[in-house]
Structures are given as structure tokens and as C-alpha cells.
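# Chain and residue survey
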Amino acid sequence: MAFVAFFVFWGCFAWALQVSPDEVIEETARFSKLSRQTLELLYQEAPKLFVNLERLTLATKMVQGIARAQDRRVLEDLVEESLDTLRYFVLPRNLNLFLTAFQVYTKSLEAIRDYVFIPKFDETIYQRYRAMRLGDLKYGDTSEESKTTAFEVATTAPGSGYYVVRDRMYRELLKKKGYNPDLVERKLEKHLRAQIDTFWMDYLELRLQQELLRENEGAIVEELWQNADRDLRRLEEEARRLAAGTGEDTSNPVIREFRKLFPHWVDTIDDRHFGEDYYRGEVLENAREVSPGMFRIHYRTFSRETGELVAEHNEVYPFEGIKALLEQVKRDLGQ
């Protein structure tokens with residue numbers, strides 16, 4: 001049996017995970033109907049709308065880190081760091097299963113980690129355990145009985161060598177606790193051996209759940225972002241409000257009228273030119289005053305069939321330019 005001893009460094013890892021505005025915008029763009037440019041503008045204009053999305057982006061980063069962690073101590077620190085953030089959300093099933101397995105493993109680890117040297121576990125035993133558990137999980141069986149049965153089958157298979165290692169750990173446990181092997185009662189011996197079995201079973205289950213987390217990372221992140229449905233709707237509403245110009249107070253009737261008509265003009269460009277609805281328009285900045293008397297017009301059109309960008313217009317106009325554009329918009333719209 002290929003049990004190879006290894007030492008684990010139990011030093012402290014200072015996790016200080018944070019997310020930048022760029023990361024928040026990038027992640028939000030993946031799950032929103034809004035473009036990155038629109039989100040950047042919204043982040044500047046209404047940062048309070050992104051509070052929950054910032055937290056969700058951090059949660060995404062944490063889940064990805066947990067799924068990909070190779071070092072067990074790093075995994076432990078990262079999970080502990082993430083719990084305060086994850087508590088705000090309804091969690092995907094796979095993530096809940098992992099966190100449950102982690103809590104159980106941590107408890108069983110604490111029972112023996114200060115007393116015995118923990119060897120590396122034989123890979124063939126794990127693969128047997130994994131195969132048994134995957135068969136049960138396919139039918140939604142997450143019971144303790146399923147774990148116990150899988151562990152017994154995996155460790156009692158011919159040539160596993162598990163009990164040789166367990167006996168070695170048991171003797172070390174007695175020595176560290178100061179027990180005389182010749183005086184240990186049967187009840188205590190059974191309890192200590194069961195502690196070792198429980199630790200290894202929980203270790204195998206945690207490894208399995210982390211692997212499933214890694215294998216399903218994309219789907220888990222998508223499900224996690226379902227928590228953002230209300231936040232994304234609020235962003236879309238704010239984008240429409242800004243595009244219509246209602247986010248800015250101006251007493252100039254020309255600017256007000258332009259902002260009111262311009263989104264409809266952009267969305268009907270193809271109707272005027274082709275007589276059919278080929279394109280989808282998106283207004284990013286609707287006569288936004290960037291400096292006194294200067295207004296930015298920024299819009300794009302996309303193919304409705306492929307979603308590809310067809311054209312983009314981004315210019316700054318003086319007030320007279322907006323006034324001339326308004327006349328063109330009104331003519332095109334038949335007003």
C-alpha cells in the first residue's frame with residue numbers, strides 16, 4: 001500500500017480577498033443584458049446599486065478559489081474567510097454539500113490532528129470511495145449511511161492496506177495521549193479507532209465534494225448569480241432612466257425633448273432604412289453634459305440575429321449641434 005508520509009505546515013495564511021471595480025463590472029456583464037460600457041457609466045452614476053453585486057463578485061472569487069485550492073491548509077483558511085460573505089446568498093446544492101463536508105471534516109480533524117502524524121491516503125481507496133458515492137449521489141443520496149458504506153467497501157477491498165495504517169495511527173494516538181496499550185479498555189480502544197475511521201471517511205468525502213465543486217464550477221457560479229436577479233433588474237431600470245435623460249435636471253426644453261425622443265430614434269434606425277427590425281439599439285449616453293454647453297451622444301446597434309456589434313457612435317456636441325440633431329430626429333420620427 002502506497003502510504004507516503006508528509007508534513008503539513010500549519011502556519012497562518014492571511015487571506016485578504018477583495019474585488020476591484022473592474023472585476024465587479026466584468027462579472028456583472030457576464031450575467032446582465034447591459035454592456036460593459038453601460039455598466040461602467042452606471043458604476044460612476046449610481047454606485048449604491050452595485051453593493052450586493054460587489055459582494056456577489058467576491059463570493060464568486062471565493063468559490064473559484066475553494067474549488068481550485070490544492071493545499072489543505074489554504075482550503076481551510078479560504079473557507080473560513082468566505083463564510084461571512086456566502087451567508088448573504090441562497091447557495092447552490094453542490095456548494096452546500098461541500099460546506100457541510102468541510103464542517104464535518106474539520107470537527108473530526110480536530111480530534112486527532114494534535115496527536116498523530118497524518119499520512120497521505122492511498123489513491124486506489126479514494127477512487128473506490130468516489131465511485132460508490134457518485135452512484136448514490138446520482139439519486140440524491142447524501143446520507144451518512146451512504147458515506148459509511150462507501151468507506152467500508154473502499155477500505156476492506158483486498159490489498160487496501162488501510163488497517164495496517166490505522167493500527168499505526170492508533171498506537172501513536174495512545175502514546176501521545178499517555179495511555180498504556182496494555183491497560184486500555186475495549187470500549188476506549190473502539191472509540192479511538194472509530195475516531196481514526198471517521199477522520200478518513202470525512203477526509204475522503206471532503207475531497208470528493210471539492211472535486212465536484214471544481215468539475216461544476218461554471219454551473220455553480222451561474223446558479224449563485226441567480227441571487228442577483230433583482231439587482232440586475234434595478235441596473236437595467238437605471239440604465240433606461242439615464243438613457244432617457246431623467247437622471248439629470250435641466251431647464252433647457254431642447255435637451256429634455258432630445259433625451260425623450262433619442263432612444264426611440266436609435267431603436268428604429270433599421271425600420272427607417274430597411275423597413276424591417278434587423279437591429280437592436282442601445283443608448284449609452286443620451287446628451288449627457290460632460291462640460292458646460294457640451295453634450296455626449298453615445299449609442300450602438302447590434303444584430304438581433306447574431307448579437308454582434310454593427311455600429312457605434314460616440315461624439316460630443318455643443319448645444320447647437322444637439323439642437324440640429326433634434327430636428328433630424330423629429331423628422332425621422334415623423335414629428
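Preceding this section is the structure that the text describes.
This text gives an overview of the structure that appears in the document. (Residues numbered from 1 in each chain as written. Predicted model: local features only at pLDDT ≥ 70, side-chain atom pairs only at ≥ 80, totals over all residues. Heavy atoms only, no water.)

As a further point, take the overall build of the protein. When its secondary structure is counted, the protein shows 14 helices and 3 strands. Within the protein, counting contacts between residues at least 6 apart in sequence, those at least 24 apart form 68% of the total. Of the accessible surface of the protein, which amounts to about 18500 Å², a share of 50% is contributed by carbon and sulfur atoms. (Helix = DSSP H or I, 4+ residues; strand = E, 2+ residues; numbered from the N terminus. Contact = heavy atoms within 4.5 Å. Areas by Shrake-Rupley, 256 points an atom, 1.4 Å probe, with all protein chains shown as cover.)

Bringing the pattern of salt bridges into the picture now. By the definition in use, this model includes 25 salt bridges. Across the pair R186 and E189 runs a salt bridge whose closest N-O atoms are separated by 3.6 Å. Of this pair, R186 and E189 both sit in helix α9 (residues 186-215), 3 residues apart, which is roughly one turn of that helix. E189 gets classed as buried once you look at its relative accessible area, which sits at 18%. Across the pair E257 and K330 runs a salt bridge, and its minimum N-O distance is 3.5 Å. With a gap of 73 residues between them, E257 in helix α12 (residues 253-267) and K330 in helix α14 (residues 319-332) connect regions that are remote in the sequence. Because the salt bridges share partners, they merge into one network encompassing E123, R130, R207, E211 and E215. (Salt bridge = Lys/Arg side-chain N within 4 Å of Asp/Glu carboxyl O. Buried < 20%, exposed > 50% of the residue type's maximum accessible area, 1.4 Å probe, protein only.)

Counting 67 residues, the largest nonpolar core has F50, F98, W200 and L235 as the members making the most contacts within it. When residues in this core are grouped by element, the largest group, 11 residues, is from α9. V254, F262, A287 and I322 belong to the second largest nonpolar core, which has 17 residues in total. (Core = buried A, V, L, I, M, F, W, Y, C linked by side-chain atoms within 4.5 Å.)

Bringing the packing of aromatic side chains into the picture now. Evaluation of the coordinates by the stated rule reveals 14 aromatic pairs. Arranged with centres 4.8 Å apart and planes meeting at 10 degrees, the rings of F31 and W225 form a pair that is stacked. With F31 in helix α1 (residues 21-31) and W225 in the loop between α10 (217-224) and α11 (229-243), the pair connects residues that are 194 residues apart, well separated along the chain. Three or more aromatic residues link up through ring pairs in this structure, and these residues are Y105, F199, W200 and Y203. Taking the ring centre of Y170 as reference, the NZ or CZ of R193 above it sits at 4.0 Å. Note that R207 overlies the ring of Y126, its terminal NZ or CZ placed 3.7 Å from the centroid. (Phe/Tyr/Trp six-rings, centres within 6.5 Å; stacked < 30°, edge-to-face > 60°. Lys NZ or Arg CZ within 6 Å of the ring centre and 35° of its normal.)

We now examine α10. Within α10, the full set of buried residues consists of E217, I220, V221 and L224. Mapping the buried residues of α10 onto a view down its axis gives an arc of 100 degrees, with all of them on the same face. (Arc of directions from axis to C-beta.)

This part is about the environment of L224. Relative to the helices and strands, L224 is located in helix α10. When its relative accessible area of 1% is taken as the criterion, L224 is described as buried. The spacing of L224 and L86 is 138 residues in sequence and 9.7 Å in space, taken between C-alpha atoms. Excluding residues within four positions of it along the chain, L224 makes contact with L56, A59, T60, V63, F89, V90, L91 and P92.

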